[in-house]
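Next come the chains, spelled out residue by residue.
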Amino acid sequence: MSTTRPNIGDAELGSNEDVSDAGSDQLRELLAPICIDAGYELVEVELVQSQNGAVLRVFIDYPEGAEKTISFDECTSLSREVSAVLDVEDPIASAYELEVSSPGLDRPLRSAAHFRRFLGSEAKVLLQDGLDGRRKFKGTLVSVSDDDTTVTIDVDDTHFALPLADLTSARLIPDWSALMKGQGKRA
């Protein structure tokens, strides 16, 4: 669901950039209780500059263990709730379009719980500073440390313990052949 919001300030969003970590954390803190009260998990928040202006994307899902998928009507309903709170709190200082959706098959992974939920799945991970001179990793999620600080990924039979504090982005890679056969893990 998508709604256009009026200009609510003077700040400009950088071209083709995500909102800063601090701004993203602030938006998560503001929006997570709304999602939880409605029975959803807030998966990710992205504020990006597109060709037509800024877009605030809010990705929601049911909590782990739920066998349902997010519907269009649920996105529409939550979009209205989120929009009302954003109107009052006014956390974004420029015009933007609000989008509320499910995370999709290539869902973002942000927290240790997200990685743990999808152990055994294929993922792409990008680190800020990197590990052993490498920033990009594509492989199978193997484990999450007991203290939730690292995720281990198997890349061509080599295990890398990636620090979650260095995480820039991570997404599942859909297993299209399993999904076509009805055997894929629900995202």
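Above this note sits the structure.
Anyway, here's the lowdown on the structure attached to this text. (Residues numbered from 1 in each chain as written. Predicted model: local features only at pLDDT ≥ 70, side-chain atom pairs only at ≥ 80, totals over all residues. Heavy atoms only, no water.)

Considering the overall build of the protein chain
Counted only if it meets this: Each helix corresponds to a stretch of at least 4 residues labelled H or I by DSSP, and each strand to a stretch of at least 2 residues labelled E; elements are numbered beginning at the N terminus. Using a 1.4 Å probe on the protein chains alone, a residue whose accessible area is under 20% of its type maximum counts as buried, one over 50% counts as exposed, and one in between counts as partly exposed. Contacts between residues were defined by any pair of non-hydrogen atoms, one from each residue, lying within 4.5 Å. Note on areas: Shrake-Rupley with a 1.4 Å probe; residue coverage comes only from the protein chains shown.
Helix and strand counts for the protein chain come out as four helices and nine strands. Mapped in sequence order, the helices and strands of the protein chain form the string β-α-β-β-α-β-α-β-β-β-β-β-α. In the protein chain, buried positions account for 40% of the 187 residues. Of all intrachain contacts in the protein chain linking residues separated by at least 6 positions in sequence, the fraction that spans at least 24 positions is 62%. Approximately 10,300 Å² of the protein chain is accessible, and the part contributed by carbon and sulfur atoms is 48%.

Observations regarding unusual backbone geometry
At Asp90, a position not held by glycine, the phi torsion is positive, near 55°. Turning to its location among the elements, Asp90 is positioned in the loop between α2 (72-89) and β4 (96-101). A relative accessible area of 37% means that Asp90 is categorised as partly exposed. Notably, Asp132 is not glycine yet its phi reads approximately 55°, a positive angle.

Notes on the pattern of salt bridges
To be explicit about the condition: Salt bridges are defined by distance alone: a side-chain nitrogen of Lys or Arg within 4 Å of a carboxyl oxygen of Asp or Glu.
Tallied over the full model, the rule gives 11 salt bridges. With its nearest N and O atoms 3.6 Å apart, the salt bridge here joins Arg117 to Asp61. In this pair, Arg117 is assigned in helix α3 (residues 112-117) and Asp61 in strand β3 (residues 53-61), connecting sequence segments 56 residues apart. Across the pair, exposure class does not vary: Arg117 and Asp61 are buried alike. Beyond isolated ion pairs, a larger network of salt bridges with shared partners links Asp25, Arg28, Glu44 and Arg110.

Functional significance is not addressed by these values, which are geometric in nature.
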